[in-house]
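# Tertiary structure, described
This is what each chain is made of:
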Amino acid sequence: MYVYMGHMKWEHLQPYEASFWDDNKITLIHERITGLNSSKKEVILATDLRLSYRSLVLATGSKPNRLDLPGINALGVQGLYHKKDLEQLERLTPSIQSAVVVGGGLIGVELAEMLHSRGIEVHFLIRENAFWNTILPKEEAQMIGAHIEAHGVKLYCNTELKAIETDAENRVRGVITHKEEQLPCQFVGLTIGVHPNIDCFRNSGLETDRGILVDEQLTTNLPDVYAIGDCAQLRNPPKGRKATEAVWYSGRMMGETLAETLSGNPQTYTPGPWFNSAKFFDIEYQTYGLVGPQETAIEAHWYWQHPKQNCSFRVAYNKANRQFLGVHSLGIRLRHKIFHQWLLNEKSIDQVMEALTQAHFDAEFSTIHLKTIQAAYFKNRLQTTQK
Amino acid sequence: MNKTQSLTVLKNTGLIAGLIGLALLAYGSYSDTDNGFLLWSCLSLILLGTSLYSAALYQGQIPGIQNNGVWFNALTNKGYWGWLLGMALTAFYIAIYFYPELLGYRTQEKSTGLVAFFDPLSLALNGKPATQWFMYGSLYTLAILIFGVKFIFKYRTNRYQIIRTLSVIFFQLGFAFLIPELLAKLNGDSPYFAKDLKNMWPLNYYFFEDWHLDGMLQGGSLGLFMLLFGLAMIVVVSPLLTYFYGKRWYCSWVCGCGGLAETAGDPFRQLSSKKISVWKLERWMIHCVLLFISITTIAVLWTYTANPNNGLGIAQSAIWYGLLFLFSLILVVLGGFYRKQLPTDARYTFYTIGTLLILTLALRGWNGSEPLFGISSYQLRAWYGFAIGAVFSGVLGVGFYPLLGSRVWCRFGCPMAAILGLQQRLFSRFRITTNGGQCISCGNCSTYCEMGIDVRSYAQQGKNIIRSSCVGCGICASVCPRGVLRLENDTPNNRIQDSAYPLGNLLKTMPKK
């Protein structure tokens, strides 16, 4: 994303300097694998070379989901996951004046921002009635939607892709939505989610479902073969977690856990309270704990939004015992350490709001929104108890 | 007219005004005019034009920090415009330092060209015709003003950046430019001494040179005040402020070199190298410069006090005991109490040099040998003035902005930064806090760090950033897309966390061997 937008160069994306791998006695082999022979303990490479292993860690990541539609294989239809996708997009860019992005999630909004930064007109198609509304409650989704439109991206809610129109050379020249609306474009970005990238293990004896099945120690059914990250599917996910989580932080924690195990300190995968973050154009998002997209019989919400700025704050709590369940914030930075402890210690919503300013993480001299939020919460609380 | 149209009009008006101002400057440097009206029009048109332009430019954008296209632009990605600008700036600096006559400066007669163009301003402020240094100071201040205004508009969503930039502008305009010039006028014909209150030793490397000490001593109450204030800055004010706020109180809030780097240099901050090898080079270079200026200053003071009737009235033996005490103190504190916090190479270099210095002082200084280090102190300070004062801090420091980034001098050379950095690393409440496990290793922080710190390497491990070179500009925190970084002052005890993994994972790590 940042390379395409000119914020960084490819080399800046590398988390370590090139010498890191040699210094740590790690050999990088840039090659595709085609299979796995677990009885011989060998990985088969595309060049037919075989690598033997004592322990094998599979971290093959995800693949973008595809749609079965007319024109889906046209030149100019792609997802955004891999370096190759970025290179392909860069090659196509000079010939794109107008683009359609399909799928209102995190990658979709990033792709929309990328294309927009290069002066391309962007049509952003979302199947649901608001942006990322499987996660974001209505108010937050609306704020993000309005912000995306303020940038000049055209947002189409409740809109699905019906067909992709191509020219004689099988290049994209437009799309048709299920409302029969025709949108001329030279590029279609498919960002409708991802699925584990496990095709190469089809006949390897590896037990798979959506992903590679692993137990709490991240071991697969094959001896000394482990799977972590996007490609792994937990047989018994921890409470409140999904079996497959295509999320950076989950992948990292699986890596940490397995590193301990392989270094002789066997550990089970025990992620702490959920946290996540994102950025939608200029609006930062952070979340700690679990907040549903709407209130339920058990879960209640309290919401605050800044009258002018793109800042909002939502807490979820248990209706019955008022236990704090989680927080969503837009445009306000919150301190992870504090919320981590509050969630682990099962604090009540009132305890959390009482101590809220401890979680202030915005830059020095900035308005402490958390003070305003705190005051608004207790004012509201007083009114409801008086009733 | 809608908002976009009026902004375009505003932007073009600003552009035209700025260009007319620049044209007047060009005219001024090629004619021999010292017309006050022309100079004032030139300066105000440039200031007004650029302010209008940047206001209109950024008001047309949705608030938020946009670095779109930075690496596509030939000015900011070391492309041809960058090289051209770098060469032009370098040429300008060479002219100022070594060939001021090219800019119109004359010692015997009335100056001409660019220098003379600034006569009206110089006469108004200090009552004398402009020198090349006055012309340079004016342009320097103007650059901090106009690029400071641009910076404020660019980072207008971040109050830390706004206040910090106002501070930099204030200290440059007031403390570095207006006040010294006015004081010079008030102080009449007494010999020169530095009147910039914030410009302390060793950044002001000639503070302890004989002519400067005598200048202050003969400079009446102002001179005496400057001497005492200068000493207080070094010994009391600076260590205290650095303890409470980190070295940023100076480097990115007050300092003039930092001021130019933060404003005019901002478009080039991403060009600093983040390689570990360059970090090593940086540590060696900056500490060598610190050693160089320390030795030079000691030698100069030694020579100065060799005359028992010196202006300070301090005997050489007092200097001898003082230095011996100071060295021993530094050796005990750094080499003793804090030795575990120094990396191996630093520790041994430190021991070696410390021992050599004490031995030299003890053996040669005991009988007042002159020169103390076997090299004439005049020679030493001439070398320092040329190599460090002129070539490094001036020509390379600013001339190479578009090629090596905006903080070349601050990072590799400034002995002031070295001292403050040592203090920041060992005794300070300042740190950049990493927000638990939220880092996604995107690399924005490292890319936009002007000091070449690989911020990400700490953040992705969930560790706080405590580096001697950090000037606390806060841009890493501003460009972070996930709210991971925050500049903070807090108790020194909890600065360095030693957890194996970033926050979020509940696994039990292996006990340390």
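Along each chain, residue indices are assigned from 1 in the same order as the chain's sequence is written. Written order decides the labels, with chains lettered from A and ligands numbered from 1. Since the coordinates come from a predicted model, pLDDT governs what is reported: local features require at least 70, and pairs of side-chain atoms require 80 or more to be given and counted, while whole-chain, interface and lining totals use all residues.

### Describing the overall build of chain B
Helices and strands together make up the secondary structure of chain B, namely 21 helices and two strands. Radius of gyration: over C-alpha atoms. The globule rule applied is 2.2 Å multiplied by the number of residues raised to the 0.38 power. Over its C-alpha atoms chain B spans a radius of gyration of 25 Å, differing by no more than 12% from the 24 Å that the globule rule assigns to 513 residues. Along the first, second and third principal axes, the C-alpha atoms of chain B reach 80 × 75 × 40 Å. In this scheme the burial state of a residue depends on its C-beta neighbours within 10 Å: 20 or more other such atoms mean buried, 12 or fewer mean exposed, and anything in between means partly exposed; the C-beta positions come from the backbone. Counting over 513 residues, chain B shows a buried share of 46%. Contact between residues is assigned whenever the C-beta positions, reconstructed from backbone atoms, fall within 7 Å. Contacts spanning at least 24 positions in sequence make up 73% of the contacts within chain B whose residues lie at least 6 apart. Only DSSP runs of H or I covering at least 4 residues are called helices, and only runs of E covering at least 2 are called strands; the numbering of each starts at the N terminus.

### Points about the overall build of chain A
If you tally the helices and strands in chain A, you get nine helices and 22 strands. In summary, chain A has a C-alpha radius of gyration of 23 Å against a globular reference of 21 Å for 387 residues, a match within 12%. For chain A, the C-alpha atoms occupy an extent of roughly 75 × 60 × 40 Å along the three principal directions. Counting across all 387 residues of chain A, residues that qualify as buried make up 40%. Looking at chain A alone, contacts between residues at least 24 apart form 56% of all its contacts between residues at least 6 apart.

### With respect to the interface of chain A and chain B
Across the boundary between the two partners, chain A contributes 41 residues, which contact 44 residues of chain B. Those elements that place two or more of their residues in the side of chain A that touches chain B are helix 1 (10-13), helix 6 (248-262), strand 18 (275-280), strand 19 (283-289) and helix 7 (336-344) of chain A. The element that contributes the greatest number of residues to the side of chain A that touches chain B is helix 6 of chain A, accounting for six residues.

### Describing the sheet that holds strand 9 (residues 154-156) of chain A
Note: strands within a sheet are paired through backbone hydrogen bonds, in either parallel or antiparallel orientation. All names here are of chain A. With parallel pairing, the five strands of this open sheet are ordered in space as 6-13-7-8-9. Edge positions in the sheet fall to strand 6 (77-78) and strand 9, since each has one partner strand and no second. Any two strands between which DSSP finds at least two bridges are classified as paired. For strand 6 and strand 13 (residues 187-190), the ladder comprises two bridges, and the chain directions are parallel. The residue of strand 13 that forms the bridge with Val77 is Val188. Running at roughly 165° to strand 8 (residues 121-125), helix 4 (residues 106-117) makes contact with strand 7 (98-102), strand 8 and strand 13 of the sheet. Only C-alpha atoms enter the line fits that serve as axes; for helices the fit covers just the stretch in contact. Angles between N-to-C directions range over 0 to 180 degrees.

### Points about the domain arrangement of chain A
Here the limits of each domain have been adopted from an automatic or database domain assignment. Annotation of chain A at the domain level lists domain 1 (31-63 + 196-262), domain 2 (66-192) and domain 3 (275-386). Measuring from the centre of the C-alpha atoms in domain 1 of chain A to the corresponding centre in domain 3 of chain A gives 36 Å.

### Regarding the sheet that holds strand 19 of chain A
Residues and elements named next belong to chain A. If you trace the five strands from one edge of the open sheet to the other, you get 18-19-22-21-20, paired in antiparallel fashion. Edge strands, defined here as strands with exactly one partner in the open sheet, are strand 18 and strand 20 (299-305). Between one strand axis and the next, the sheet turns through 10° on average, direction left out of account. As defined by bridge partners, strand 21 (residues 312-318) adjoins strand 22 (residues 324-330) across six bridges and the pair is classed as antiparallel. Looking at the pairing, Tyr317 lines up with Phe324 of strand 22.

### Some details on unusual backbone geometry
With an omega dihedral of 5°, the bond running from B:Trp201 to B:Pro202 counts as a cis peptide bond. Topologically, B:Pro202 is positioned in the loop between helix 7 (159-186) and helix 8 (210-217). Here B:Glu370 and B:Pro371 are connected by a cis peptide whose omega angle stands at -5°. Tracing the backbone shows B:Pro371 in the loop between helix 14 (344-365) and helix 15 (377-399). Backbone geometry at A:Leu218 places phi at a positive 70°, although glycine is not the residue there. Tracing the backbone shows A:Leu218 in the loop between strand 15 (212-214) and strand 16 (225-227). Phi is positive for A:Glu346, close to 50°, though the residue is something other than glycine. Following the sequence through the fold, A:Glu346 ends up in the loop between helix 7 and helix 8 (349-354).

### Examining the packing of helix 8 of chain B against helix 9 (residues 220-245) of chain B
Packed helices, taken two at a time, are described by the angle their axes make and the gap between the axes. Residues and elements named next belong to chain B. Two numbers describe how helix 8 lies on helix 9: the axes approach to 6 Å, and their chain directions differ by 125°. Comparing the axis directions of helix 8 and helix 9 gives the class oblique. Of the residues in helix 9, those touching helix 8 at Gly215, Met216 and Leu217 are Gly223, Leu224, Met226 and Leu227. Charged residues are taken to be Asp, Glu, Lys and Arg, nonpolar residues to be Ala, Val, Leu, Ile, Met, Phe, Trp, Tyr, Cys and Pro, and polar residues to be all remaining types, Gly included. Per-class residue counts for the contact of helix 8 with helix 9 are five nonpolar, two polar and no charged. By definition in this entry, angles of less than 35 degrees are roughly parallel, angles greater than 145 are roughly antiparallel, angles of 65 to 115 are roughly perpendicular, and the rest are oblique.

### Topic: the pairing of strand 2 (residues 42-45) of chain A
All names here are of chain A. Here strand 1 (residues 33-37) runs beside strand 2; their pairing, made up of four bridges, is antiparallel. Within strand 2, the residue paired with Leu36 across the bridge is Val43. Hairpin connection from strand 1 to strand 2: four residues lie between these consecutive antiparallel strands, with Lys41 at a positive phi of about 55°. Here strand 2 runs beside strand 3 (residues 50-52); their pairing, made up of three bridges, is antiparallel.

### Some words on the packing of helix 3 (residues 80-98) of chain B against helix 15 of chain B
All names here are of chain B. Helix 15 packs onto helix 3 with a crossing angle of 155° between their chain directions and a minimal axis gap of 8 Å. Taken together, the axis directions place helix 3 and helix 15 in an arrangement best described as roughly antiparallel. The crossing of helix 3 and helix 15 is right-handed. Mapping the contact onto sequence places Gly86, Leu89, Thr90, Tyr93, Ile94 and Tyr97 in helix 3 and Ala390, Gly394, Val395, Val398 and Gly399 in helix 15. In terms of residue class, the contact of helix 3 with helix 15 is made up of seven nonpolar, four polar and no charged. Each crossing is labelled by how the near helix is turned from the far one, with a counterclockwise turn of less than a right angle marking it left-handed and a clockwise turn marking it right-handed.

### A look at the domain arrangement of chain B
Residue and element names in this part refer to chain B. Annotation of chain B at the domain level lists domain 1 (187-427) and domain 2 (429-513). Measuring from the centre of the C-alpha atoms in domain 1 to the corresponding centre in domain 2 gives 30 Å. The interface of domain 1 with domain 2 comprises 28 residues on the first partner and 19 residues on the second. Among the elements of the structure, helix 9, helix 10 (248-251), helix 11 (256-263), helix 12 (276-306), helix 17 (408-412) and helix 18 (415-426) are those that each provide at least two residues to the side of domain 1 that touches domain 2. No other element matches the four residues that helix 18 contributes to the side of domain 1 that touches domain 2. Residue composition of the side of domain 1 that touches domain 2, grouped by class: nine nonpolar, 10 polar and nine charged.

### Topic: helix 5 (residues 119-126) of chain B
Residue and element names in this part refer to chain B. Taken together, the buried positions of helix 5 are occupied by Asp119, Ser122 and Leu125. Each buried residue of helix 5 sits inside an arc of 135° when the element is viewed along its axis, so together they form one side. Along its buried surface, helix 5 packs onto helix 4 (113-117), helix 6 (132-154) and helix 7. Directions from the helix axis toward the C-beta atoms define the arc.

### Structural notes on the nonpolar core
The biggest cluster of nonpolar side chains holds 214 residues, and the ones touching the most others in it are A:Val188 and B:Cys476. If you tally residues by element for this core, the top one is helix 6 of chain B, at 12 residues. Beyond its immediate sequence surroundings of up to four residues, B:Cys476 is in contact with B:Ile432, B:Cys445, B:Tyr448, B:Cys449, B:Val455 and B:Leu485. We define the nonpolar core as any set of buried residues of the types Ala, Val, Leu, Ile, Met, Phe, Trp, Tyr and Cys, connected via C-beta atoms lying within 7 Å of each other.

### Some remarks on the environment of A:Gly145
The topology assignment puts A:Gly145 in helix 5 (residues 138-150). In this structure, A:Gly145 is in contact with A:Ala130, A:Phe131 and A:Leu155, ignoring residues within four places of it in sequence.

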